[in-house]
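Listed below, chain by chain, are the residues.
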Amino acid sequence: MTTALVVVLAVAVGLLALLVAGLLRSHAEILRILHGLGVTEDEVLGSRPPAGGVPVRLSTAAAADVTGATPAGGAVRVGVVAAGQPTLLAFLSSGCATCGPFWDGLGRADLPLPPGDPRVVVVTKGPEQESPPAVAALTPPRATVVMSSEAYEAYGVPATPYFVLVDGPSGRVAGEGTATSWEQLAGLLGRAAADAGHVARARRRHLDRLRDTDAELTAAGIEPGDPSLYPGRPAP
């Protein structure tokens, strides 16, 4: 009896160890995804909830055109770099439960969008990972959908739903993140775009001040490298 009990306990401990290891791996994967979305572990534990409840971050990364296939099987390329208007890339999946409201809202005439009247382009994984018929069934008329796993890699999309707002004229990403509804997304990305504009204006003002200072120094006969600019440096 003692030997049998020891064997049973050993088996139970082994199974428990496997269970704990699996949970730790899942926890690490969840934290990795959330970290990619801009959520810290403290926010996950509830000590500091994310502002607005949903992470959206500013970005100045270079954008990339989206190439792939249509749900019907044709080839498609959507130019977002140097486009005349902003583009909102909506990375969705046909099997994602939280993507449902975004698929449903695509056909709305009053779809709330960030400022700048961006066009909406839905991007799913390629046909090798997504079902074209399932994507086609979710796509309303006149919606632009590109099936492209390469776009997920190019934009570093950690999970779906995920959204990237691209400023066409600059070819840069203005903001990116996730949300639970179109209304929430419009507000969050609108603030991100406004913040990006504020940063750009501050940078321009700083450069203008530098140019003005250079002009004043030149007018005073002080050229670059003048010893008076480096009072602590010993004379050559």
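The coordinates are above.
Residues numbered from 1 in each chain as written. Predicted model: local features only at pLDDT ≥ 70, side-chain atom pairs only at ≥ 80, totals over all residues. Heavy atoms only, no water.

Colleague: Please give an account of the pattern of salt bridges that cites residues and values.
Modeller: Tallied over the entire structure, the rule returns three salt bridges. We note a salt bridge from Asp65 to Arg77, for which the minimum N-O separation is 3.2 Å. Of the two residues, Asp65 sits in the loop between strand E1 (56-58) and strand E2 (66-69) while Arg77 sits in strand E3 (residues 75-78), which places them 12 residues apart along the sequence. In this structure, Asp110 engages Arg108 in a salt bridge whose closest nitrogen and oxygen atoms are separated by 3.2 Å. (Salt bridge = Lys/Arg side-chain N within 4 Å of Asp/Glu carboxyl O. Helix = DSSP H or I, 4+ residues; strand = E, 2+ residues; numbered from the N terminus.)

Colleague: Outline the pairing of E3, listing residues and values.
Modeller: Pairing between E2 and E3: four bridges, direction antiparallel. Residue pairing for E3: Gly68 is matched across the bridge by Val76. The turn linking E2 back onto E3 is made up of five residues, and Gly73 within it adopts a positive phi angle of 105 degrees. (Pairing = 2+ DSSP bridges.)

Colleague: Break down the pairing of strand E8 (residues 172-177) for me, with residues and values.
Modeller: Summarising burial for E8: five of the six residues are buried, a large majority. Of the strand pairs in this sheet, strand E7 (residues 162-167) and E8 are connected by five bridges, and their pairing is antiparallel. Within E8, the residue paired with Val164 across the bridge is Glu176. Counted along the chain from E7 to the antiparallel partner E8, the turn is four residues long, and its residue Gly171 has a positive phi close to 70 degrees. (Buried < 20%, exposed > 50% of the residue type's maximum accessible area, 1.4 Å probe, protein only.)

Colleague: Residues and numbers for the side chain of Ser93, please.
Modeller: Mapping Ser93 onto the fold places it in the loop between strand E4 (87-91) and helix H3 (100-105). Excluding residues within four positions of it along the chain, Ser93 makes contact with Cys99, Trp103, Glu130 and Thr160. (Contact = heavy atoms within 4.5 Å.)

Colleague: Which residues make up the packing of aromatic side chains, and what values do they have?
Modeller: The way to describe two aromatic rings as a pair is by their centre distance and the angle between their planes. Throughout the structure, instances matching the rule amount to five aromatic pairs. With 4.9 Å between their ring centres and 80 degrees between their planes, Phe91 and Tyr152 make a pair best called edge-to-face. Here the residue Phe91 occupies a position in strand E4, and Tyr152 occupies one in helix H5 (residues 149-155), the gap between them amounting to 61 residues. Accessibility assignment for this pair places Phe91 and Tyr152 in one class, buried. (Phe/Tyr/Trp six-rings, centres within 6.5 Å; stacked < 30°, edge-to-face > 60°.)

Colleague: Let's hear about the nonpolar core: which residues, and what values?
Modeller: Core analysis: the biggest nonpolar cluster contains 21 residues, and Leu88, Leu92, Trp103, Val122, Phe163, Trp182 and Leu185 have the highest contact counts within it. Within the residue set of this core, elements represented by two or more residues are E4, H3, strand E5 (119-124), strand E6 (144-147), E7 and helix H6 (182-219). With three residues, H6 is the largest single contributor of residues to this core. Core analysis: the next-biggest nonpolar cluster, separate from the first, contains 17 residues, Ala63, Val66, Val123 and Tyr152 among them. (Core = buried A, V, L, I, M, F, W, Y, C linked by side-chain atoms within 4.5 Å.)

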